[in-house]
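This is what each chain is made of:
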Amino acid sequence: MGCIIFNRVASFCRKVLNRDSSTRVPEEQTLQVYQRPEHGISRKDISENALKVLYRLNKAGYDAYLVGGGVRDLLLHKQPKDFDIATNATPEEIKKLFRNCRLIGRRFRLAHILFGRDIIEVATFRGHHSDAPAQVVAPKDNKQKPQISSRSEEGMLLRDNVYGTIEEDAERRDFTINALYYSVKDFTVTDYAQGIEDLNNRVVRLMGDPETRYREDPVRMLRAVRFAVKLDMDIEPVTAAPIRDLAILMQDIPAARLFEESLKLLQSGQGLETYRMLREYNLFQQLFPILSDHFTENNSSKTEKMIEHILASTDKRIAEDKRVNPAFIYAAMLWYPMMIRAEEVSFASGLSFYDAFMVASNDILDEQVRSIAIPRRHTTTVRDIWQQQLRFSRRSGKRAFKTMEHPKFRAAYDFLEMRSLFEGSDIKELAQWWSEFQNADYNQRGQMVTHINDGGSRRPRRRRPQQPRRKKPQVKS
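What comes next concerns the included structure. (Residues numbered from 1 in each chain as written. Predicted model: local features only at pLDDT ≥ 70, side-chain atom pairs only at ≥ 80, totals over all residues. Heavy atoms only, no water.)

**Considerations on the packing of helix α17 (residues 326–349) against helix α19 (residues 376–391)**
The geometry of α17 relative to α19 is characterised by a closest axis approach of 9 Å and an angle of 55° between their N-to-C directions. The angle between α17 and α19 falls in the class oblique. Here α17 and α19 pass one another in a crossing that is right-handed. Here Pro-326, Ala-327, Phe-328, Tyr-330, Ala-331, Leu-334, Trp-335 and Met-338 of α17 lie close against α19, whose contacting residues are His-378, Thr-381, Val-382, Ile-385, Trp-386 and Gln-389. (Axes fitted to C-alpha atoms, helices over the stretch in contact; angles between N-to-C directions. Helix = DSSP H or I, 4+ residues; strand = E, 2+ residues; numbered from the N terminus. Parallel < 35°, antiparallel > 145°, perpendicular 65-115°, else oblique. Left-handed = near helix turned anticlockwise from the far one by under 90°. Contact = heavy atoms within 4.5 Å.)

Structural data, given as structure tokens:
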């Protein structure tokens with residue numbers, strides 16, 4: 001064991017001295033190996049499917065480790081959400097071992113091992129690449145795909161399929177607390193960047209030069225905030241320093257990727273605190289540029305109050321293990337910007353408010369999906385919730401009964417009730433009426449509608465002015 005550790009340390013030091021400066025790790029960081037009694041991780045706490053993948057890769061002669069967030073959370077005595085694996089087997093070699101494997105990703109080539117709904121993600125050790133615009137490494141045999149890396153002019157990694165050793169893979173990790181590797185062979189945890197020390201000190205520290213690493217992948221700025229809030233840690237000052245100035249780089253990230261990231265941020269169970277930190281670092285403004293126009297210095301706008309309320313409610317529902325619908329969150333966050341836009345459209349174009357409302361709802365959602373690619377199934381729900389708000393005030397005749405039959409009635413009613421916290425007495429009275437209407441029996445509902453009709457809410461039917469009867473043309477004699 002001592003010889004193995006010495007060789008690993010020597011190899012790691014060589015890499016530190018010789019590698020590309022763009023991913024340099026401070027030289028005082030040294031490799032440490034923690035034995036089973038020192039770290040306390042038990043296989044009982046690891047997913048059975050993850051263990052199956054680790055054992056099979058080891059049995060086939062490959063090195064394989066539980067890596068990253070899974071190890072980090074186990075060390076913090078938390079239940080990991082995912083169990084990711086790193087190995088020296090290439091994606092094609094992994095696919096040969098597992099019939100239930102599919103290869104995904106262009107930017108990073110990954111293997112997904114499918115066990116029903118459970119997915120174990122397996123990544124090949126990543127190596128270093130040059131600063132050249134593109135680099136192609138020939139495969140070892142004709143059956144494997146070439147290894148490719150490429151960067152944009154701004155330094156963002158566009159393709160990163162360059163494989164390497166475990167030491168290089170550790171150096172390529174984003175944060176020190178993620179450069180941790182657990183082995184089922186000898187039950188050790190290998191720490192390449194003093195990550196366990198940072199865990200103990202409650203610090204989120206980026207590996208390498210922060211500005212370079214953020215330019216390689218701007219999403220790392222979101223991850224820094226998410227980890228700090230989720231793990232109740234502080235972002236190390238050098239790691240935090242460039243974020244505000246580089247936040248604009250988020251605009252270069254594909255909108256589809258930012259949708260997935262937004263779910264992790266807003267539905268983490270700490271959405272409100274995450275939102276506040278994202279705003280502090282100018283990151284939330286890049287994700288929701290429409291909302292940033294409605295921000296104030298003292299957080300007093302209706303938009304800001306609605307955002308804080310919906311995120312606090314979402315955190316509470318997650319804590320109670322209740323279902324959360326992303327569409328409801330987006331509907332709440334974008335509601336007041338949409339209403340202001342509708343008023344502007346109505347005033348400028350002369351359209352009725354209903355028509356202006358429909359135009360504004362489409363415009364706001366079209367603008368938002370350019371930043372975050374909200375899927376159509378969610379934008380459709382957002383539109384349904386919004387449109388129902390106009391129908392709630394139309395209660396005469398059979399309209400109230402038909403409104404209750406709408407598939408999105410419950411979500412729309414909850415939304416109306418939430419609006420009543422921030423809007424005038426008329427909305428509060430409307431929400432109270434619908435609350436009573438839902439709980440009433442059929443006869444009581446009829447009486448409530450009759451009362452609405454008797455109260456003059458039904459408009460008198462307007463008759464068309466009588467036109468003079470046209471005479472049949474007479475044939476001239």
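**Section: the packing of α19 against helix α21 (residues 409–419)**
Axis angle and axis distance: for two packed helices, these are the angle between their axes and the distance between the axes, and together they describe the pair. Their axes nearest at 9 Å, the elements α19 and α21 cross at an angle of 65°. Judged by the angle between their axes, α19 and α21 are roughly perpendicular. Crossing handedness for the pair α19 and α21: right-handed. Between α19 and α21, the contacting residues are Ile-385, Trp-386, Gln-388 and Gln-389 on the first element and Ala-411, Ala-412, Phe-415, Leu-416 and Arg-419 on the second.

**Details of the environment of Asn-325**
Here Asn-325 shows up in the loop between α16 (302–319) and α17. In this structure the C-alpha to C-alpha distance between Asn-325 and Thr-381, which are 56 residues apart in sequence, comes to 9.8 Å. Beyond its immediate chain neighbours, meaning those up to four positions away, Asn-325 contacts His-378 and Thr-381. In this structure the side chain of Asn-325 is engaged in a polar contact, spanning 3.0 Å, whose partner is the backbone nitrogen of Ala-327. (Polar contact = N/O pair within 3.5 Å; in protein donor to acceptor, adjacent residues only side chain to side chain.)

Distances and angles like these do not, on their own, reveal function.
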